[in-house]
Amino acid sequence: MGLSNYMDITVSSVEESVFLAKVAEQAERYEDMLIFLKPVLQKKGELAMDERNLVSVAYKNLSGNKRTAWRALTAIEENPKYTKYHEKTKTYKKKIEEELKVICKDAIKAIDDNLLKNATSAESKVFYLKMKADYYRYTGEVCTGTELTEVSDKALENYEAAKKQAETLPATDPVRIGLILNFSVFQYEIRKNPKEACAMAKAAFDEAISGLQDLDEDKYKDSTAIMQLLKDNLTLWTSELEEGEEAEKKQFLINFTQISN
């Protein structure tokens, strides 16, 4: 099963495709956006910045709605008040999981089939590798066991490839900083590696901070907004790490006291 592609409107050019996609975005009709963007996704050559952003917005909002729904259903499923509805909630959540997986698979296929192949600039290559890794990560959010291991490894592979490619970009480049933001979230949430997540986020923040004064206004706004998210995550993760280490110390002392006695 894939995304629906029925639309009683014929799109005859890339220009028309971009216009209609923008209209669909204003109407918050994100599946329609992807249908309208089909000529853009299939065109030869590298996508223009606005075309690339439209593709990203469409997939991001489609997947974001499913991820939000999945989290809400998980909270309800785990609430003891609703135990008698557990099976129905579980079935409904499974439906959302499958819908999210379809969107993620579609995004990855679009990147593999055309977008990444036609990317020529380092920034574009980083953008698509990051995007591909993100959709493996989103799939991993609703997976367990062997399936989680497989998609997690694929996400890691693509994040690593994007990170290597990003070394050719300035440390202040918003695409590079955005990559590290998402890569660090992946390390924290999916790989359960908080120390690596913190180290990665801190290194990117420190590298970027010194060069901000050289950016133009638009890039400055984009970069500082992402850096603020990095900082917020660092603050939260560091606090949680410290609390965890303190709890471990207390438990060690308790165990040591019991052994001594």
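Procedures and definitions
Residues numbered from 1 in each chain as written. Predicted model: local features only at pLDDT ≥ 70, side-chain atom pairs only at ≥ 80, totals over all residues. Heavy atoms only, no water. Axes fitted to C-alpha atoms, helices over the stretch in contact; angles between N-to-C directions. Helix = DSSP H or I, 4+ residues; strand = E, 2+ residues; numbered from the N terminus. Parallel < 35°, antiparallel > 145°, perpendicular 65-115°, else oblique. Left-handed = near helix turned anticlockwise from the far one by under 90°. Contact = heavy atoms within 4.5 Å. Nonpolar A, V, L, I, M, F, W, Y, C, P; charged D, E, K, R; others polar. Core = buried A, V, L, I, M, F, W, Y, C linked by side-chain atoms within 4.5 Å. Buried < 20%, exposed > 50% of the residue type's maximum accessible area, 1.4 Å probe, protein only. pLDDT = per-residue confidence, 0-100. Salt bridge = Lys/Arg side-chain N within 4 Å of Asp/Glu carboxyl O.

The next thing to look at is the packing of helix H1 (residues 14–26) against helix H4 (residues 49–77). Taken N-terminus to C-terminus, the directions of H1 and H4 make an angle of 40°; their axes are 11 Å apart at the nearest point. Taken as axis vectors, H1 and H4 run oblique relative to one another. For the pair H1 and H4, the crossing hand works out as left-handed. Contacts between H1 and H4 involve Val14, Val18, Ala21, Lys22 and Glu25 from the first element and Asp50, Glu51, Leu54 and Val57 from the second. By residue class, the composition of the contact of H1 with H4 is five nonpolar, no polar and four charged.

Generally speaking, nonpolar side chains in soluble globular proteins are found buried as a group. Within the largest apolar cluster, 70 residues are counted, with the highest numbers of intra-cluster contacts made by Val55, Tyr59, Leu115 and Tyr135. The contacts of Val55, once residues within four sequence positions are left out, are Leu37, Leu41, Leu47, Leu115 and Met131.

Further remarks concern the confidence of the model for the chain. Looking at the chain, pLDDT values average 90 and 90% of them are 70 or higher. Mean pLDDT across the elements of the chain bottoms out in helix H10 (residues 217–260) (74) and peaks in helix H7 (residues 145–166) (98). Segment residues 252–261: pLDDT under 50, and zero contacts once partners within four positions in sequence are set aside and those in other chains are kept.

The full count for this structure, using the stated rule, is 21 salt bridges. Note that Lys94 is salt-bridged to Glu98, the shortest N-O span being 3.6 Å. One end of the pair, Lys94, and the other, Glu98, are both in helix H5 (residues 86–115), four residues apart, so they sit about a helical turn from each other. For Glu98, a relative accessible area of 35% corresponds to the partly exposed category. Of the charged contacts, one joins Asp206 and Lys202 as a salt bridge, the two residues approaching to 2.7 Å between their closest N and O atoms.

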